Amino acid sequence: MAVTAPELSIFTDEHQQLRESIAAFVAREVAPHVSEWEHTTFPDSIVRRMGELGLLGLSMPEQYGGQGGDYFTNIVLAEEIARAGSGGLLMGLSVHTDMVMPPILEFGTDEQRERYLKAGIAGEEIYALGITEPDAGSDVAAIKTRAVRDESAGEWVIDGSKTYITNGHRASMIMLVTRTDLDAGYDGFTIFLVPMDAPGVIRGHKLEKMGMHASDTALLAFDGVRVPDSAILGEVGRGFQHIMWELQAERAIAAAGCLAYAQYAFDMTLEYALERKTFGRTLGTHQAIRHKFANMAMEIEAARRLIYATAADYAAGKYNVREISMAKLKATQVAWMVVDECVQIHGGAGYMSEFAIERVMRDIRLYRIGAGADEIMLDVIGKSYGL
Ligand SMILES: Cc1cc2nc3c(=O)[nH]c(=O)nc-3n(C[C@H](O)[C@H](O)[C@H](O)COP(=O)(O)OP(=O)(O)OC[C@H]3O[C@@H](n4cnc5c(N)ncnc54)[C@H](O)[C@@H]3O)c2cc1C
């Protein structure tokens, strides 16, 4: 199938060339392995390979090995990786490229940028993001992981646990959200860049999950982990504000990735409906099925336009929390509707693991929960009207 950028484009000819080269890489080196990676999780070597190809720092400055591109290059990457058909890979990569590295660029010291951006962009290291805890997910402010300064040693001591951490088993470093002042409300949080081989970091067993099987998901414990002041990302006490900034990029890329994944489902289902015959005709030519496709296409297009318009504002420097929340929510709702219809159109085949649509459905379910669940997005949007 020809690779084309959708219309209403924020994309230039250069983006189109990038899209085609990523699509060729995906077809050659990623798509043939996604079924295997459902059992093994994706190998670190694919991340190294993407580093070699310059795909991990598309919008990062050249001084750190990035390509110096604009924000839309990240969207192109997410959309084309989605076409590989592995939500787990898409998620693991997005954490690395769109959730951990941008805050290091934004809030990090020169030393942190040199240390982590170069290695991350080269694909030599993979990073994780630690916000969620067993007793705090949607309510980020309820986290309990503590960092206390040991004045005599000039170090911070971290105790607590994090759960559902993507890349948690493979990561060399975790961007960890902690509480440093219990009495300071939203001004009592601090982020640390914690090496995962630091004494006291304990990686629990790999968590089994419904979908996203190509990614690894960890329960982590931090038992008296000592880090120096140089591990602080941004300002002491500003961690909550920093992570809220991070969440906007996380949600924007989740919206683009999950919608592209839904498009992948649509495309494969269209092919199926043009082949499969029932009652003497191809399935897709039954009016009821044709209408399903029309409805899916319309919803995908509406969500895509919202995502692109939102991305354009975001790239122009607007801190458009309301619109990003809308785009994320719309994308996840549409994606879920689309994969449900795609499974329905596949009939019994859609329930079989040998058909990719079964995997897509399990993978896509996560997007309504992760990176700000549907209910939380609704609340952010509602509150933005002063309610
Ligand atoms: C596969 C996977 C990978 C993940 N990767 C990471 C990662 O890398 N790093 C990380 O930090 N986290 C990660 N997460 C965690 C994810 O971000 C959280 O699961 C998510 O934020 C929801 O938190 P929770 O699971 O604690 O649900 P809860 O906060 O307990 O919420 C449960 C349900 O109640 C709803 N709800 C909660 N509060 C309200 C309210 N006030 N009003 C109405 N409804 C409400 C929620 O929307 C949700 O539907 C991952 C999760 C999964 C499943």
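Here, the structure is the one placed above.
Thresholds applied
- Residues numbered from 1 in each chain as written.
- Predicted model: local features only at pLDDT ≥ 70, side-chain atom pairs only at ≥ 80, totals over all residues.
- Heavy atoms only, no water.
- Helix = DSSP H or I, 4+ residues; strand = E, 2+ residues; numbered from the N terminus.
- Rg over C-alpha atoms; globule rule 2.2 N^0.38 Å.
- Buried < 20%, exposed > 50% of the residue type's maximum accessible area, 1.4 Å probe, protein only.
- Areas by Shrake-Rupley, 256 points an atom, 1.4 Å probe, with all protein chains shown as cover.
- Lys, Arg positive; Asp, Glu negative; His and termini not counted.
- Charge placed at Lys NZ, Arg CZ, Asp CG, Glu CD.
- Phe/Tyr/Trp six-rings, centres within 6.5 Å; stacked < 30°, edge-to-face > 60°.
- Lys NZ or Arg CZ within 6 Å of the ring centre and 35° of its normal.
- Core = buried A, V, L, I, M, F, W, Y, C linked by side-chain atoms within 4.5 Å.
- Contact = heavy atoms within 4.5 Å.
- Pairing = 2+ DSSP bridges.

Caption draft 1: Focus on the overall build of the protein. A count of helical and extended segments in the protein gives eleven helices and ten strands. Computed over the C-alpha atoms, the radius of gyration of the protein is 21 Å, within 12% of the 21 Å expected from 2.2 N^0.38 for a compact globule of 387 residues. Taken over the C-alpha atoms alone, the protein extends approximately 80 × 50 × 40 Å along its principal axes. Looking at the 387 residues of the protein, the share that counts as buried comes to 53%. Summed over its atoms, the accessible surface of the protein is roughly 16,700 Å², and 53% of this surface lies on carbon and sulfur atoms. Each charge class in the protein can be summarised by its mean position, and for the 36 positive and 53 negative side chains these summaries are 5 Å apart.

Caption draft 2: Spotlight on the packing of aromatic side chains. The tally for this structure, following the rule as stated, stands at ten aromatic pairs. When the centroid spacing of 5.2 Å and the interplanar angle of 85° are considered together, the rings of Phe 11 and Tyr 308 count as edge-to-face. One end of the pair, Phe 11, is in the segment before helix H1 (13–30); the other, Tyr 308, is in helix H8 (residues 287–315), and 297 residues separate them in sequence. Each member of the pair, Phe 11 together with Tyr 308, is buried. Connected via pairs of aromatic rings, a cluster forms that spans Tyr 186, Phe 189 and Phe 240. The aromatic ring of Phe 42 is capped on one face by Arg 170, whose charged end is 3.7 Å from the ring centroid. The residue whose ring lies beneath Arg 365 is Trp 336, and the NZ or CZ to ring-centre distance is 5.3 Å.

Caption draft 3: Up close: the nonpolar core. Counting residues in hydrophobic clusters, the biggest one holds 76 residues, and the most contacted among them are Val 30 and Val 360. With 17 residues, the single largest contributor to this core is helix H7 (residues 239–275). With near-sequence residues (within four places) excluded, Val 30 lies in contact with Phe 25, Trp 37, Ile 46, Ala 84 and Leu 89.

Caption draft 4: Highlighting the pairing of strand S3 (residues 155–166). Of the strand pairs in this sheet, strand S2 (residues 146–150) and S3 are connected by five bridges, and their pairing is antiparallel. Residue pairing in the sheet places Arg 146 in a bridge with Asp 159 of S3. Between S2 and S3, which follow one another and run antiparallel, lie four residues, and Gly 154 among them has a positive phi close to 70°. Direction of pairing for S3 relative to strand S7 (residues 217–228): antiparallel, over a ladder of ten bridges. Following the sheet pairing, Gly 160 is matched in S7 by Phe 222.

Shape is all these values report; function is a separate question.
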